[in-house]
Amino acid sequence: MTDQAYNFAYLDEQTKRMIRRAILKGIAVPGYQVPFASREMPMPYGWGTGGVQVTSACLVPEDRLKVIDQGADDTTNAVSIRKFFQRTAGVAVTEATAEATVIQTRHRIPETPLHEGQILVYQVPIPEPLRFLEPRETETRKMHELEEYGLMHVKLYEDIARHGTIATSYAYPVKVEGRYVMDPSPIPKFDNPKLGQNPAIQLFGAGREQRIYALPPFTEVVSLDFDDHPFEPSKAPHDCDLCGARDSYLDEVITDDRGGRMFVCSDTDFCAGRQADGHRGRLSAVEAVQ
Amino acid sequence: MYVAVKGGERAIDNAHAWLAEERRGDCSVPELSVAQIREQMKLAVNRVMAEGSLYDPDLAALAIKQARGDLIEAVFLMRAYRTTLPRLAGSVAIETGSMAVVRRISATYKDLPGGQILGPTFDYTHRLLDFALAAEGDVPAAPTAPATPGPVPHVTGFLNREGLIEDTQRCDTTPPDLTREPMELPTVRPLRLQALTRGDEGFVLGLAYSTQRGYGRTHAFVGELRIGWVGVEVEIPELGFAVEIAEIELTECETVNQFKGSKTEPPQFTRGYGLVFGQSERKAISMSLVDRALRWRELGEDNSGAPAQDEEFVLMHCDNIQATGFLEHIKLPHYVDFQSELELVRRLRSEAIVLTEAAE
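Residues numbered from 1 in each chain as written. Chains lettered and ligands numbered in written order. Predicted model: local features only at pLDDT ≥ 70, side-chain atom pairs only at ≥ 80, totals over all residues.

## Some thoughts on the overall build of chain A
Scanning chain A from terminus to terminus reveals 7 helices and 12 strands. A compact globule built from 290 residues would reach a C-alpha radius of gyration of about 19 Å, and chain A, at 20 Å, matches this within 12%. Its C-alpha atoms put chain A at 60 × 60 × 35 Å along the principal axes. Classification of the 290 residues of chain A by burial places 49% in the buried group. (Helix = DSSP H or I, 4+ residues; strand = E, 2+ residues; numbered from the N terminus. Rg over C-alpha atoms; globule rule 2.2 N^0.38 Å. Buried ≥ 20, exposed ≤ 12 C-beta atoms within 10 Å, placed from the backbone.)

## A closer look at the overall build of chain B
A tally of helices and strands in chain B yields 12 helices and 4 strands. Along the three orthogonal principal directions, the C-alpha set of chain B runs to about 85 × 65 × 55 Å. Of all intrachain contacts in chain B linking residues separated by at least 6 positions in sequence, the fraction that spans at least 24 positions is 65%. (Contact = placed C-beta atoms within 7 Å.)

## Considerations on the sheet that holds strand E2 (residues 64-69) of chain A
Residues and elements named next belong to chain A. Strand order in the open sheet formed by 7 strands is E1-E9-E8-E5-E4-E2-E3, and the pairing between neighbours is mixed. Only two strands of the sheet have a single partner each, and these edge strands are strand E1 (34-35) and strand E3 (92-93). Across 2 bridges, E2 lies against E3 in parallel orientation. When the sheet's bridge partners are listed, Leu65 is paired in E3 with Val93. The strands touched by helix H2 (residues 49-58) within the sheet are strand E4 (102-106), strand E5 (119-123), strand E8 (201-206) and strand E9 (211-215), with E5 carrying the most contacts at an inclination of about 155°. Lying over the sheet, helix H3 (residues 76-88) contacts E2, E3 and E4, oriented at roughly 160° with respect to E2. (Pairing = 2+ DSSP bridges. Axes fitted to C-alpha atoms, helices over the stretch in contact; angles between N-to-C directions.)

## Points about the interface of chain A and chain B
Each partner contributes to the interface: chain A provides 48 residues, whereas chain B provides 40 residues. Those elements giving two or more residues to the side of chain A that touches chain B turn out to be H3, helix H4 (137-145), strand E11 (250-254) and strand E12 (261-265) of chain A. Sorting elements by how many residues they give to the side of chain A that touches chain B places H3(A) first, with 4 residues. When the residues that make up the side of chain A that touches chain B are grouped by side-chain class, the tally is 21 nonpolar, 16 polar and 11 charged. (Nonpolar A, V, L, I, M, F, W, Y, C, P; charged D, E, K, R; others polar.)

## Considerations on the packing of helix H1 (residues 13-28) of chain A against H2(A)
Residue and element names in this part refer to chain A. Interaxial distance between H1 and H2 falls to 9 Å at its minimum, and their mutual angle equals 100°. Regarding the angle of H1 to H2, the classification is roughly perpendicular. Of the residues in H2, those touching H1 at Lys16, Ile19, Arg20 and Ile23 are Gln53, Val54, Ser56 and Ala57. Split by residue class, the contact of H1 with H2 holds 4 nonpolar, 2 polar and 2 charged. (Parallel < 35°, antiparallel > 145°, perpendicular 65-115°, else oblique.)

## Here's the deal with the confidence of the model for chain B
Averaged over every residue, the pLDDT of chain B is 91; residues scoring 70 or more account for 98%. Considering only residues more than four positions removed or in separate chains, one finds that residues 1-5 of chain B, a stretch of pLDDT under 50, has 10 contacts. (pLDDT = per-residue confidence, 0-100.)

## Here's the deal with unusual backbone geometry
In this structure, the amide linkage connecting Leu185(B) to the following residue, Pro186(B), adopts the cis form with an omega of -5°. In this structure, Glu147(A) takes a positive phi of about 55° despite not being glycine. Relative to the elements of secondary structure, Glu147(A) occurs in the loop between H4 and helix H5 (150-163). Given 11 C-beta atoms within 10 Å, Glu147(A) falls into the exposed group.

## Concerning the packing of helix H5 (residues 71-83) of chain B against helix H11 (residues 320-328) of chain B
Residues and elements named next belong to chain B. Where H5 contacts H11, the axes come no closer than 10 Å and their chain directions differ by 110°. Looking at the two axes, H5 sits roughly perpendicular to H11. When the axes of H5 and H11 are compared, the crossing they make is left-handed. For the pair formed by H5 and H11, the contact residues are Ile72, Val75, Phe76 and Arg79 on the first element and Asn320, Ile321 and Thr324 on the second. Here the contact of H5 with H11 is composed, by residue class, of 4 nonpolar, 2 polar and 1 charged. (Left-handed = near helix turned anticlockwise from the far one by under 90°.)

## Details of the domain arrangement of chain B
All names here are of chain B. What the domain assignment lists for chain B is domain 1 (2-82), domain 2 (96-122 + 143-318) and domain 3 (333-359). The C-alpha centroid of domain 2 is placed 31 Å from the C-alpha centroid of domain 1. Between domain 1 and domain 2, the contact holds 8 residues from the first and 11 residues from the second. In terms of residue class, the side of domain 1 that touches domain 2 is made up of 4 nonpolar, 2 polar and 2 charged. (Domains from an automatic or database assignment.)

## Considering helix H7 (residues 189-197) of chain B
Those residues of H7(B) lying buried are Leu191(B), Arg192(B), Leu193(B), Ala195(B), Leu196(B) and Thr197(B). Of the surrounding secondary structure, the elements contacted by the buried residues of H7(B) are helix H3 (42-52), helix H8 (201-212), strand E4 (270-277), helix H9 (281-294) and helix H10 (311-317) of chain B.

## Notes on helix H12 (residues 335-359) of chain B
Helix length check: H12(B) (25 residues) gives 35 Å between terminal C-alpha atoms against 36 Å at 1.5 Å per residue, within 8%. All of the buried residues along H12(B) are Val336(B), Gln339(B) and Ser340(B). In this fold, the buried residues of H12(B) make contact with E11 of chain A. (Expected span 1.5 Å × (residues − 1).)

## What about the nonpolar core?
Grouped together as the largest cluster of nonpolar side chains are 55 residues, with contacts concentrated most on Val48(B), Ala60(B), Ala63(B), Ile64(B), Ala74(B), Met78(B) and Val290(B). The residues that make up this core include at least three from each of domain 1 (2-82) and domain 2 (96-122 + 143-318) of chain B. Filtering out sequence-adjacent residues up to four positions away, Ala63(B) remains in contact with Val48(B), Ala74(B), Leu77(B) and Met78(B). With 51 residues, the next largest nonpolar core counts Ile27(A), Ile68(A), Ala89(A) and Val174(A) among its residues. (Core = buried A, V, L, I, M, F, W, Y, C linked by C-beta atoms within 7 Å.)

## What to know about the pairing of E11(A)
All names here are of chain A. In terms of strand pairing, E11 meets E12 through 5 bridges, oriented antiparallel. In the sheet register, Asp251 faces E12, and the bridge partner there is Val264. The hairpin formed by E11 and E12 contains 6 residues between the paired strands, and Gly259 there has a positive phi angle of roughly 90°.

## Examining the sheet that holds E4(B)
Residue and element names in this part refer to chain B. Strands sit in the order E1-E2-E3-E4 across an open sheet of 4 strands; the sheet is antiparallel. Strand pairing shows two members of the sheet lacking a second neighbour, strand E1 (100-105) and E4, which therefore form its edges. Between one strand and the next, the sheet's axes are offset by a mean angle of 25°, whatever the strand orientation. The sheet contact formed by E1 and strand E2 (residues 220-236) spans 5 bridges and is antiparallel. Among the inter-strand pairings, Ile105 is bridged to a residue of E2, identified as Leu225. Contacts between H9 and the sheet are confined to E2, strand E3 (241-257) and E4, with E4 contributing the most and set at about 145° to the helix.

This is the structure:
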């Protein structure tokens, strides 16, 4: 069902053109935050308006869209955004990562490796990696201009001095093509290694903060670290209890009030695919009996 | 045994149905009409138009009804609708000097050309609950008098003739449009005024109040506060002259601020300006105080570090639609990030415990 009252994918063509220009500029200068005239969308700021605008500017009628939040296709906000585009663009949707041409995500990169021709759109709350070190936009823009990232290294160093380790577990800052320090959005640092040398186009949209930035395919992306404290992606030290995966990011699900818990893949499509292929986890037998 | 958040789609549909039922409330009580809200909740309608940046009393009343009286939600509905509207034309600058005033007061003069007109104000009402309103009934008609003919000149104009108040340069360049270009800092006064007039009334009020209590004090007098109707004119290229397309109600506030002079400016009064859709005088006065506080740089004043003097702080936080969206988004699932924090805290704790045990 398409709503005839609105243009394809909701935004008017002039607005899409403005957003596409910002995207192209972002792709031309990887990791640089391009200001754009973000529109008021019919969903609240902070709920993916940046991602929705980027997706809207990218979608064509032949696209197949996947929307995830926390890695899952069935979380409420993912459902809501997917419905929005089904209604306003009438595009095909899918839960299968490999089949999607455009994937809008919040807080995760899918486990299944992306391929050329795909676009991954991130929803970004605070695009500025230096924001919590320096609250002023006028200052942080200057710091990027001058490539003045000392403050960030001091912060990471202080973490090590205090905790013996870098105490940032998500939205872990990266350096793009040896130039811009970039916020990869609040993905767990487990996902950071997937940012670099990725065959897909990665676009980042921050609606409230009016910024778009991008990683073109096969971009060099390095998580900030020190020689003696190298970056370490981390996850729960378990296997998935449903599909047995050892290398996927896990959610901890509390199963009772006596400390019982299970670990399952946060990427629901990846987990379901593995189970369909016959992989089993610690608790799959119980599921099968039910 | 694994029951995660499945069935999001059905849950959302059901939640919406329940919301619609709650909005209607008890069906034995007659339903509010949009016209009733527009006529009897006029100040709420005005606020929604002002912060929604869209002058349309009917739509604002509809938004209030749909939002169950949550005015910020109603503003949001107006803003989301406004974005989809085409920009057909820009109007000629409105002329508040020829406003048909329903209220006009000056705190700086006892009497003045054009007169002091109280108009429909709460100012001197005693705030006693009027239980007669609980019973329905017609209001007796207010006494009337013929309107005073002739223009109502601006108070600041009198001061200007003596050179006692700063002269403002007339500028005919098209101001930047906050809703069509990303905000870049530092910015210019027309853009600041745009942001303030659609800014959250409570936020702007709080900032203005803070300047009165000494955080960036500006010694403001209400030179003039006027509420009334002005025509909106648009140049029609085919005709070659401007045609009035609408009348809108506005509140305008001009403050006269004490100013002892600075390195760059002689001693004279300075101005703060507020202009808001509808009858919104608390907002208009607040706006003019904050506008004046933000002008410290152009007037060569010191920055005392007060929040109201900080352009970036004020402009980046005065929009309630941005603020409420970002604030409320923390209701969304964050369990992936929380999981990574759980692991970090567990690891840091286990290392700390090992160290403590080793020390013992």
